[in-house]
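Read off the chains here:
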Amino acid sequence: MIRDLTKQYKDKRAVDGVSLRLTEGINGLLGANGAGKTTLMRMLCGILKPTAGSISLDGVDVTSEDYRAVLGYLPQDFGYYPDFTGLDFLLYLAALKGLSRPHAKRRAGELLELVSLQDAGKKEIKTYSGGMKQRLGIAQALLNDPRLLIVDEPTAGLDPKERVRFRNLIAGLGQDTIVLLSTHIVSDVEKIADHMLMMSEGKIILNEPWDKERTDLEQLYMEEFGGEAE
């Protein structure tokens, strides 16, 4: 539950009185760069403190450890250790999240397979392509089997083939998880979202269940933001 959420920076209001109830499935958050999407997501992850408003999940406040325990987050630029192998990186983060060693090894193996990196798990991350790094990013976000998964601009900089692969991966994650996927690329969300949100100048201007057969999302985007949708 997001209620009257606001973030003010001196003379700029990056998020302006947003109220939302996110549901299980893929929630697409579409908006041009600078619309306030990343600021909103960073508040939902507890990284930024709101100027006003509240955030909770099943009645648990964003500031509590219980909230963080059921949160998975892939930021636009996630940090990693280039000399770690993919497997070692997941085991390291699993230890930070408090998973036991046996559980961590089992979970890391499952996730490497899920994101199609099982053959690259023992290779150093510095050898990975951009798409492989993003898939590893999703794997680390899923280590704790999150109830809420937040993914910020995951396909930025990926080639078309990797973009499709990543989109298909995300589409399979919304069965019993609340997924919030932020992007400025219409094709990232129009065929996988169960619920569509559009954000402009810090406000939510579209908030409705989404029919994946609809073909007017690009038109809606262009009417609001101008230019050509990607």
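Here, the structure is the one placed above.
What you see is a predicted model, and the numbers here were worked out from it, not measured in a lab.

A. Region of interest: the pairing of strand S3 (residues 25-30). S3 sits mainly inside the fold: 6 of its 6 residues count as buried. Bridge analysis of S3 against strand S8 (residues 178-183) gives 6 bridges, and the strand direction is parallel. From the neighbouring strand, Asn27 faces S8, where its bridge partner is Leu180. The pairing of S3 with strand S9 (residues 195-200) spans 4 bridges and is parallel. What sits directly across from Leu30, in S9, is Met198.

B. Molecular detail of helix H6 (residues 160-171). With 12 residues, H6 should cover 16 Å at 1.5 Å per step; its first-to-last C-alpha distance of 16 Å lies within 8% of that length. Residues Glu162, Arg163, Phe166, Arg167, Leu169 and Ile170 constitute the buried set of H6. The buried residues of H6 occupy an angular sector of 160° when projected down its axis, which confines them to one face. What points out from H6, more than 90 degrees from its buried face, is the exposed set Pro160, Lys161 and Asn168. Structurally, the start of H6 carries an N-cap: the backbone nitrogen of Lys161 is 3.1 Å from a side-chain oxygen of Asp159.

C. The arrangement of the packing of aromatic side chains in detail. Inspection of the entire model under this criterion finds 6 aromatic pairs. Judged by centre distance (6.3 Å) and plane angle (50°), the rings of Phe78 and Phe89 are tilted. A residue pair is termed long-range when its members are at least 10 positions apart, and Phe78 in the loop between strand S6 (71-74) and helix H3 (86-96) and Phe89 in helix H3 qualify at 11 residues. When sorted by exposure, Phe78 lands in the same class as Phe89, which is buried.

Procedures and definitions
- Residues numbered from 1 in each chain as written.
- Predicted model: local features only at pLDDT ≥ 70, side-chain atom pairs only at ≥ 80, totals over all residues.
- Heavy atoms only, no water.
- Buried < 20%, exposed > 50% of the residue type's maximum accessible area, 1.4 Å probe, protein only.
- Helix = DSSP H or I, 4+ residues; strand = E, 2+ residues; numbered from the N terminus.
- Pairing = 2+ DSSP bridges.
- Expected span 1.5 Å × (residues − 1).
- Arc of directions from axis to C-beta.
- Polar contact = N/O pair within 3.5 Å; in protein donor to acceptor, adjacent residues only side chain to side chain.
- Phe/Tyr/Trp six-rings, centres within 6.5 Å; stacked < 30°, edge-to-face > 60°.

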